[in-house]
Amino acid sequence: MPKWLAGPGFVLALGLALTSSISQTPMQERIDPLIVADDDFARHRDPALWQGLSVTRLAIEEGRVTWRLFRIVNMARPAGPLWVVTHDNENATFAAMLIALHSYGGVAIIVDSGARDDDDSARFNWFTGGRPIDPNRHFDDRNPAYVGAVLGDLAGHQRLIVALHTNEPGFDPALTGCGGSRGAGAGNISVRLCSARWHPVAAPVARWPFEDEDSVALVPYLATKPQGSARCGPALVAAGYNVVFERVARSDGSLSNYAVQHGLAYVNVETRDRGTTTEGIADARGRLLAMIDGVMERCADVPGVSLRLASR
């Protein structure tokens, strides 16, 4: 196992994150993935996709906020990575997660924002009694039930957290592109995004999937340490990835920030959202899988088969 897979804050982090497991047990319900009313599952009704997988629906209440999640376990190889999908509207991430879970084992946690996921409203949790919450801006020790539900499978296992995202094609003009130009790049997370926080390293040869500047691996590191301390970052740069290093001084509530501040092994694999058509989802899924394959080869000592082979 790579030495970086469990940092010195690992045990402390899990103690904080799993406080909710003592004070509050999530409601759990085994479900049949072939009939559950949810768009992600409806796109994956093939029984072969679910062989060997156990699916549970979780419900967690924390104050006025209710969280609904799906937990999917590879029963034959439960000790693999922790796959995390926080945004319900990023449909290619669910598709890539299913293949990755079969290939590399482990556990997947998916935030469920509702049965429909075909617009941006599905990005947020609306079961709050007030304003909607971005699930990837809620990782804080003041939210132990939510953090514990998402990260609970780290207890007793030194897992790599692999977060899966797709990003919007519109670049935020308030952010600065590399070279100081405004509006450079095509996505809010892009290998051309430069700032005091974001430090990109572009692939030396722009081959698929990295000819798309929004196909990146994102790795966080603490502001008190050098950029090279980002776990697995140097290995992915050496492998010719588009890599975005995230300098974390103060947490923005994201899982990447929480992970690095608590000594947890984390990599975010991200590509551009290509829409809700079958072709668009398949394109983004293929790019995610190609990047996951390399991440697993270089960043975690977990046996598996080539995802490119598994996805054919």
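If you're wondering where the values come from, they're calculated on a predicted model, not measured in any experiment.

Q: Even after reading the chapter, I still don't get the pairing of strand E9 (residues 243-248), so can you show me in this structure?
A: Look at any regular strand and the pattern is simple: side chains alternate between the two faces of the sheet. Of all six residues making up E9, five are buried, and the element is well covered by its neighbours. Direction of pairing for strand E7 (residues 198-201) relative to E9: antiparallel, over a ladder of four bridges. Looking at E9, one finds that Val201 is bridged to Val243. Two strands pair when backbone bridges link them, and strand E8 (residues 216-222) and E9 are joined in this way by six bridges, in the parallel orientation. Opposite Leu222, over in E9, you have Val248 as the bridge partner. Crossover handedness for the path E8 to helix H6 (residues 233-238) to E9: right-handed.

Q: Just checking my understanding: could you explain the packing of helix H4 (residues 91-104) against helix H8 (residues 278-299) for this structure?
A: Two numbers describe a pair of packed helices, the interaxial angle and the distance between the axes. Packing of H4 against H8 brings their axes to within 8 Å, and their N-to-C directions diverge by 40°. Our classification of the angle between H4 and H8 gives oblique. Crossing hand, H4 versus H8: right-handed. Residues Asn91, Ala92, Thr93, Ala95, Ala96, Ile99, Ala100 and Tyr104 of H4 form the contact with H8, whose participating residues are Ile281, Ala284, Arg285, Leu288, Leu289, Ile292, Asp293 and Met296. Classifying every residue of the contact of H4 with H8 by side-chain character gives twelve nonpolar, two polar and two charged.

Q: What is the right way to read the sheet that holds E8 from this model?
A: Strand pairing in a sheet takes place through backbone hydrogen bonds and is either antiparallel or parallel in direction. One open sheet accounts for ten strands, arranged E1-E2-E3-E5-E4-E6-E10-E8-E9-E7; its pairing is mixed. The sheet is open, and its two edges are formed by strand E1 (27-30) and E7, each paired on a single side. Looking at each pair of strands side by side, their axes are set apart by 25° on average, direction ignored. Relative to strand E4 (residues 82-85), H4 is tilted by about 170°, and along the sheet it contacts strand E2 (53-62), strand E3 (65-74), E4, strand E5 (107-111) and strand E6 (161-167). Docked against the sheet, helix H5 (residues 144-151) engages E2, E3, E4, E5 and E6, running at close to 170° with respect to E2.

Q: Help me out: how do you make sense of H5 in this one?
A: Side chains three or four residues apart in an α-helix point the same way, a direct result of the helix having 3.6 residues per turn. Across the eight residues that make up H5, a large majority, seven, are buried. When H5 is considered as a whole, its buried residues turn out to be Ala145, Tyr146, Val147, Gly148, Ala149, Val150 and Leu151.

Q: I tried to follow the layout of surface pockets on my own but got confused; where do I start?
A: Rolled over the atoms, a probe as big as a water molecule pinpoints where empty space is left. For the largest pocket, the calculated volume is near 430 Å³. Together, 24 residues line the largest pocket, and Arg123, Asn136, Arg137, Ile189 and Glu270 are the ones closest to its centre. Among the elements of the structure, E6, helix H7 (255-261) and strand E10 (266-272) are those that each provide at least two residues to the lining of the largest pocket. Among the residues making up the lining of the largest pocket, the classes are represented as six nonpolar, nine polar and nine charged.

Q: Looking at this structure, how should I read the confidence of the model for the protein?
A: Any segment with low pLDDT has predicted coordinates that should not be analysed in fine detail. Per-residue confidence for the protein averages 86 on the pLDDT scale, and 82% of its residues sit at or above 70. Note that residues 6-13 has pLDDT below 50 and, in this model, 17 contacts with residues that lie over four places away or in other chains. Note that pLDDT drops below 50 for residues 16-23; the model gives that stretch 17 contacts with residues more than four away or on any other chain.

Q: It is not clear to me how the side chain of Thr166 should be interpreted in this structure. Could you clarify?
A: Counting through the fold element by element, Thr166 comes out in strand E6. At 3.3 Å, the side chain of Thr166 and the side chain of Asp273 are in polar contact. The contact partners of Thr166, leaving out residues within four places of it in the chain, are Glu90, Ala92, Thr93, Glu270, Thr271, Arg272, Asp273 and Leu288.

Q: Could you clarify how one ought to interpret the pattern of salt bridges in this entry?
A: Pairing between side chains of opposite charge can happen when the charged atoms of each approach one another. Tallied over the entire structure, the rule returns 17 salt bridges. As a salt-bridge pair, Arg197 and Asp252 come within 2.3 Å of each other at their nearest N and O atoms. Of the two residues, Arg197 sits in the loop between E6 and E7 while Asp252 sits in the loop between E9 and H7, which places them 55 residues apart along the sequence. Between Arg272 and Asp212 there is a salt bridge whose closest N-O contact spans 3.3 Å.

Q: Help me understand the environment of Asn125 in this model?
A: Mapped onto the elements, Asn125 comes out in the loop between E5 and H5. Residues Asn125 and Thr86 lie 39 residues apart in sequence; the distance between their C-alpha atoms is 10.0 Å. Beyond its immediate chain neighbours, meaning those up to four positions away, Asn125 contacts Val65, Thr66, Trp67, Ser113, Pro132, Ile133 and Pro135. Side-chain polar atoms of Asn125 contact the backbone nitrogen of Phe127, separated by 2.9 Å.

Q: Where do I start with the packing of aromatic side chains in this structure?
A: Within a pair of aromatic rings, the relevant descriptors are the distance that separates the centres and the angle that separates the planes. What the rule picks out here adds up to seven aromatic pairs. On the basis of an interplanar angle of 15° and a centroid distance of 5.3 Å, the ring pair of Phe41 and Trp50 is categorised as stacked. The exposure class of Trp50 is buried, given its relative accessible area of 6%. Ring geometry for Phe41 against Phe94: centres 5.2 Å apart, planes inclined by 65°, an arrangement best described as edge-to-face.

Q: Can you walk me through the environment of Val244 in this structure?
A: Here Val244 shows up in strand E9. Distance in space between the C-alpha atoms of Val244 and Pro200 is 4.2 Å, their sequence separation being 44 residues.

Calculation rules
- Residues numbered from 1 in each chain as written.
- Predicted model: local features only at pLDDT ≥ 70, side-chain atom pairs only at ≥ 80, totals over all residues.
- Heavy atoms only, no water.
- Buried < 20%, exposed > 50% of the residue type's maximum accessible area, 1.4 Å probe, protein only.
- Helix = DSSP H or I, 4+ residues; strand = E, 2+ residues; numbered from the N terminus.
- Pairing = 2+ DSSP bridges.
- Right-handed = clockwise from strand over helix to strand, strands pointing away.
- Axes fitted to C-alpha atoms, helices over the stretch in contact; angles between N-to-C directions.
- Parallel < 35°, antiparallel > 145°, perpendicular 65-115°, else oblique.
- Left-handed = near helix turned anticlockwise from the far one by under 90°.
- Contact = heavy atoms within 4.5 Å.
- Nonpolar A, V, L, I, M, F, W, Y, C, P; charged D, E, K, R; others polar.
- 1 Å grid on protein atoms, 1.4 Å probe; cavity = no way out; pocket = protein on both sides within 12 Å on 5 of 7 lines; lining within 4 Å.
- Points joined across faces, edges and corners; volume = space filled by probe spheres on them.
- pLDDT = per-residue confidence, 0-100.
- Polar contact = N/O pair within 3.5 Å; in protein donor to acceptor, adjacent residues only side chain to side chain.
- Salt bridge = Lys/Arg side-chain N within 4 Å of Asp/Glu carboxyl O.
- Phe/Tyr/Trp six-rings, centres within 6.5 Å; stacked < 30°, edge-to-face > 60°.

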